[in-house]
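The lines below spell out each chain.
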Amino acid sequence: MDLTPRPENRFSFGLWTVGNRGRDPFGEAVRPKLETTEILKGLADIGVWGVSFHDDDLMTFGATESQRRAELDEFKRTLDETGLVCSMATTNLFYHPIFKDGALTSNDRDVRRYAIQKVMRNLDVAAELGAPIYVFWGGREGVETAASKDTRDALSRYKEALDYLGGYVKDKGYDIRFALEPKPNEPRGDIFLPTVGHALAFIETLEHSEMVGLNPEVAHETMSGLSFYQGVAQAMWQEKLFHIDLNDQRIGRFDQDFRFGSEGIKDHFFLVRLLESSGYSGAKHFDAHAYRTEDVQGVWDFARGCIRNYLALADKARAFDTDPRVAEAMARAKVAELAVPSVGAYSASSAGQLLAENFDLDVLADLSYGNEALDQLVVDHILGIA
Ligand code: GLT
Ligand code: MN
Ligand code: MN
């Protein structure tokens, strides 16, 4: 099995992922700070293609224009040196105390206006770096008590901000699309746009909806007990899968952001199979971090593990899809028949024919789909006993 990452795999990591120092609500950092240059070199060494950043990961918050420029120029130099591309950019709208009541949906109008300005400034940076995707993760956009905000007003302000920022991108002629990242809770008690489904419906209300899609994250849908696979498949079907945050998570827990493929191996088999077979050409972005038990060496073990598990599952998926026993089991399950239209477009004559048709319900009730045998082939392939 060839587990060598290649540029066409489009594997990417956020600066904050391998840069995570293991802080949690109960404990201090356990690892030293890695300099951005060191992160980029380490990523390039393990075969990564792209890197993403928050404004504040790259340029010190509150720094002068000249310091920001120096930090940005150094980043650009290291990108050139390492051959990494900047695959996504985003804004930190959650860390500073001003965002405690939200950013784009804070009740305070000045906080909202500042938040929009912060995004605009970083959109300029994203454009300069050639990042094609701009992510909006609204971790602070939410409430602890529903008495504190009228959710309908909050959604209007969210829409207003995205409409405005879409206008800014178009006005400037930037080649950037937006990707909304849903999450149900944490850090807020309830976050607006909690799931893929909520976000997909919201996007349809936007003025520039064609340039807004999704950045779903494994951990976030799984926190809600939802199937990430199903959310991704629907986002794809609606042509809204612009980017994807790959990691791992157990249902019902806090946002664990575990190494990709470390927990839900069967779910991930189907996810990787879907991404690989669908022609999805966006970044495969690992938004995860090493266990808190790890030192710097463990961080790179973690990053290599994400890639290794993805490539191994892609290989398993290929073997599954070329196994003649699988083809036979799929034929029995009538998988391909679901692609055949049921009735076609409505016409009065086809309606008349359908109403006149007699179905043999005994035959239909006796159909058997063989899904046990089909799924066992999935498990056999994953376990390597096929
Ligand atoms: C933060 C969050 C992630 C988001 C990042 C983008 S930041 O770490 O937990 O899920 O993707 O803002
Ligand atoms: Mn997460
Ligand atoms: Mn994420």
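Please refer to the structure placed before this passage.
Residues numbered from 1 in each chain as written. Chains lettered and ligands numbered in written order. Predicted model: local features only at pLDDT ≥ 70, side-chain atom pairs only at ≥ 80, totals over all residues. Heavy atoms only, no water.

Residue Pro187 is bonded to the preceding Glu186 through a cis peptide linkage, with omega at 10°. By the element assignment, Pro187 lies in the loop between β6 (177-181) and β7 (190-191). Positive phi, normally seen in glycine, also occurs at Arg10, with a value near 55°. The residue Arg10 is located in the segment before β1 (11-14) in this model. Under the relative-accessibility criterion, Arg10 is labelled partly exposed at 33%. Residues other than glycine seldom take positive phi values, yet Leu193 does so here, at roughly 55°. Note that Leu193 resides in the loop between β7 and α7 (196-203). (Helix = DSSP H or I, 4+ residues; strand = E, 2+ residues; numbered from the N terminus. Buried < 20%, exposed > 50% of the residue type's maximum accessible area, 1.4 Å probe, protein only.)

Moving on: the site of ligand 1. Around ligand 1 sit Trp16, His54, Thr90, Trp137, Glu181, Glu217, His220, Asp245, Asp255 and Asp287, and those are all the residues in its vicinity. Within the side chain of Glu181, an N or O atom sits 2.6 Å from an oxygen atom of ligand 1. The side chain of Asp245 places a nitrogen or oxygen atom 3.1 Å from an oxygen atom of ligand 1. Protein burial of ligand 1: of its 310 Å² of free accessible surface, 91% is covered by the chains. The residue makeup of the shell around ligand 1, split by class, is two nonpolar, three polar and five charged. (Near = heavy atom within 4 Å. Polar contact = N/O pair within 3.5 Å; in protein donor to acceptor, adjacent residues only side chain to side chain. Areas by Shrake-Rupley, 256 points an atom, 1.4 Å probe, with all protein chains shown as cover. Nonpolar A, V, L, I, M, F, W, Y, C, P; charged D, E, K, R; others polar.)

Read from one edge to the other, the open sheet built from eight strands follows the order β8-β6-β4-β3-β2-β1-β10-β9, with strand pairing classed as parallel. A strand with exactly one partner marks an edge of an open sheet, and here the two such strands are β8 (212-214) and β9 (244-246). When strand polarity is set aside, the average angle formed by the axes of neighbouring strands in this sheet is 35°. Pairing between β9 and strand β10 (residues 284-286): three bridges, direction parallel. (Pairing = 2+ DSSP bridges. Axes fitted to C-alpha atoms, helices over the stretch in contact; angles between N-to-C directions.)

Take the pairing of strand β4 (residues 133-137) next. The buried fraction of β4 is high, at five of five residues. Burial along β4 is two-sided: the face carrying Ile133, Val135 and Trp137 and the face carrying Tyr134 and Phe136 are both buried. Pairing analysis gives two bridges linking strand β3 (residues 85-90) to β4, with the strands arranged parallel. Following the sheet pairing, Ala89 is matched in β4 by Tyr134. Following the backbone out of β3, through helix α5 (residues 109-129) and into the adjacent parallel β4, one traces a crossover that is right-handed. Where β4 lies against β6, five bridges are found, and the strand directions are parallel. Residue Tyr134 lies in a different strand from β6, and its bridge partner there is Phe178. (Right-handed = clockwise from strand over helix to strand, strands pointing away.)

Let us look at the side chain of Asp287. As for its position among the elements, Asp287 is in the loop between β10 and α11 (296-321). Despite its burial, Asp287 remains without a salt bridge, the nearest opposite charge being carried by Lys183 at 8.1 Å. Setting aside anything within four residues of it in sequence, one finds Asp287 in contact with Trp16, Thr17, Glu181, Glu217, Asp245, Leu246, Asn247 and Asp257. (Lys, Arg positive; Asp, Glu negative; His and termini not counted. Salt bridge = Lys/Arg side-chain N within 4 Å of Asp/Glu carboxyl O. Contact = heavy atoms within 4.5 Å.)

Moving on, we get to the pattern of salt bridges. Under the criterion given, the structure shown has 25 salt bridges. Here Arg23 ties to Glu28 by a salt bridge, and the two come within 3.6 Å at their closest N and O atoms. Taking relative accessible area as the criterion, Glu28 reaches 53% and is therefore assigned exposed.

Coordination of the manganese ion (ligand 3) by the protein is provided by Glu181 (OE), Glu217 (OE), Asp245 (OD) and Asp287 (OD), with metal-donor distances spanning 2.0 to 2.2 Å. Coordination at the manganese ion (ligand 3) is octahedral: its six donor atoms span angles of 74 to 165° at the metal. Within one chain, the residues donating to the manganese ion (ligand 3) are spaced in sequence as E-x35-E-x27-D-x41-D. Here the manganese ion (ligand 3) and the manganese ion (ligand 2) are spaced 4.6 Å apart, linked through Glu217, which binds each one. With Asp245 in strand β9 and Asp287 in the loop between β10 and α11, this pair connects stretches of sequence that are 42 residues apart. In this structure Asp287 comes out as buried when scored by relative accessible area, which is 9%. (Donors = N, O, S within 2.8 Å, 3.2 Å for Na, K, Ca; no water. Tetrahedral: all angles 85-135°; square planar, octahedral: opposite > 155°, others 65-115°.)

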